[in-house]
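For reference, the chains in residue letters:
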Amino acid sequence: MIKRVIGIGNALTDMLVNLSNDAVLTEYQLAKGSMSLVDSQLQTAVSKSVAGCPYSLSLGGSAGNTIRAMARLGCDVAFIGKVGEDNTGEFYEQALRNIGVEPYMLRSEERSGKCVALVSPDGERTFVTHLGAAADLHAEDIDGAIFDDYDCLYVEGYLVQDHDLIRSTVEKAKHHGLKVAIDLASFNVVEENCDFLRDIVAKYVDILFANEDEARAFTGEQEPLNALNAISRMCELAVVKIGMKGALIKRGDEVVHVGIMAAAKRVDTTGAGDFYAAGFMAGLCEGLSLRQCGTIGAITAGKVIEVVGTTFGEDAWREIFSLVERVRKDQYLF
C-alpha cells in the first residue's frame, strides 16, 4: 500500500497572465493548451507582448503542484528538483518546507526556471516555459538512497526532455521497491516522445494519468475508453480524464467512471490535472476505493479552476477538507 510519496519534476515559478484574447498565441504560433520549451529570449519576447495584462506569481511545476496539494491533504510527501543559487530558488525551497513537503533541492549555476502561463478567456492555459536550472537536473544527481523511506515515486511527464534522467530515476525507484506513477503532462510532449514513453510505461510504470488528448497521442486510440484499455494493458492503474465528462479509471477488471464537481466559476484551468492527481493519490494513500479516489480528484481539480493559478485561501481548503471527509464516509460521490 502507498503511504509516502516522493515527486520529481521541474521546480518552476509560474507567471500567470490573463489574456483578453488569443492573439499572442497566433503571433508566436503556440498551440492552445500546449506546453512549449523555449529559450529565455523567446520567453521574454512573449512576456513583453502581454505586458499590461493582469498577472500573478506562484510556485509552479506540474509535479510540484501535485506534491504541494497532497501535503495540504495530509499526505507524507517529498519533492526532488533543481533551482538556481538565487532568491527564487531560496523562496521555492522554503515554501515547500512551510507546507510540510520534504525538499530534496539541488542547486545550479543557472537561474531558477520560470513558466509563463497564458490563460485564455475560456480558462484554457498555454505554457511558455524556460526551464533554466530545472533543466540542469540530470540522472547522476539522483541518489537512489533517497527512495529508501518512500513507497511511490510520482514523475512529471514534462521531464521527458531528458530520457536518461527519467529512465535512470524510475529504475532506481523500482530497485528500492517503489511504485511508479506518471502524469503524461501535455499532448505535444507525448507526440514528440511517444516511443520512449511507451517503453518506460510498459517496463516501469504502475499508475498513469492522462487527459483525453494525451491518451489519444499515447495510444493512437480515438475513443477514451479504448485508450484506457490500451493503457491498462501496460500498467496496473490507468486514469483518463475526459474534461467535462469526468474521468475513466481502470485497475485490473474494475472500470469506474467518475463525473466532475461543477466549479462555481471556471477562471483558469492551470493545475487542474495536477490537483486531480493530488486528490487521487491522496485517496490511494488512505486505501480508499477507486471511486472515492476519483471523487477526491474531482473535488481538488474543481476547486483549483475557480482561481487564477494554483494557490487559494484557507476557506477553499476548509471546503475541500469537508467534502473529502464526506467522500471518506461515502456521502459525497458523483
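These notes cover the structure that comes with them. Sequence positions are assigned chain by chain, starting from 1 and proceeding in written order. Thresholds applied to this predicted model are a pLDDT of at least 70 for local features of residues and 80 or more for the giving and counting of side-chain atom pairs; totals over whole chains, interfaces and linings are not thresholded and use all residues. Hydrogens and waters are ignored; side-chain quantities use all the structure's heavy atoms.

Here, a salt bridge means any Lys or Arg side-chain nitrogen found within 4 Å of an Asp or Glu carboxyl oxygen. For the structure on display, the rule yields 21 salt bridges. Asp-141 is paired through a salt bridge with Lys-82; the nearest N and O atoms lie 3.1 Å apart. Placement of Asp-141 in the loop between strand 8 (125-130) and strand 9 (152-156) and of Lys-82 in strand 5 (residues 76-84) is noted, with a sequence separation of 59 residues between them. Residue classification places Lys-82 among the buried residues on the basis of a relative accessible area of 6%. With a shortest N-O distance of 2.3 Å, Asp-315 and Arg-318 are connected by a salt bridge. Note that Asp-315 and Arg-318 are positioned in helix 12 (residues 314-328) at a spacing of 3 residues, about one turn of the helix. Classification of Asp-315 by relative accessible area gives exposed; the value is 59%. In this structure Arg-318 comes out as partly exposed when scored by relative accessible area, which is 49%. Because the salt bridges share partners, they merge into one network encompassing Glu-90, Glu-93, Arg-97 and Arg-107. Helical segments are the DSSP runs of H or I of at least four residues, strand segments are the runs of E of at least two, and each set is numbered from the N terminus. Burial classification: accessible surface area is computed with a 1.4 Å probe over protein chains only, and a residue below 20% of its type maximum counts as buried, one above 50% as exposed, and the rest as partly exposed.

Turning our attention to the sheet that holds strand 4 (residues 55-60). Whether two strands pair depends on DSSP finding at least two bridges between them. Pairing is mixed across the open sheet formed by 5 strands, whose spatial order is 3-8-7-2-4. Two strands lie at the open edges of the sheet, namely strand 3 (35-37) and strand 4, each paired on one side alone. Sheet twist, expressed as the mean angle between neighbouring strand axes with direction ignored, is 20°. Across 6 bridges, the pairing between strand 7 (residues 113-119) and strand 8 is antiparallel. Of the residues in strand 8, the one forming a bridge with Cys-115 is Thr-129. Most of the contacts of helix 4 (residues 87-98) go to strand 4, to which it runs at about 65°, and overall it touches strand 2 (12-18) and strand 4. The axes are straight lines fitted to the C-alpha atoms, using for helices just the contacting stretch, and the angles between their N-to-C directions are given from 0 to 180°. By definition in these notes, contact holds between two residues if any of their heavy atoms fall within 4.5 Å.

Here we take up the pairing of strand 12 (residues 237-241). Extensive coverage of strand 12 is indicated by the burial of 5 of its 5 residues. Residue alternation in strand 12 divides its side chains into two sets, Leu-237, Val-239 and Lys-241 and Ala-238 and Val-240, and both sets are buried. When strand 11 (residues 207-211) meets strand 12, the two strands line up parallel, connected through 5 bridges. Paired with Leu-208 across the bridge in strand 12 is Ala-238. Alignment of strand 12 against strand 13 (residues 247-251), held across 5 bridges, turns out to be antiparallel. When the bridges of strand 13 are listed, Lys-241 appears paired with Ala-247. In this antiparallel pair of consecutive strands, strand 12 and strand 13, the connection spans 5 residues, and Gly-243 shows a positive phi of 60°.

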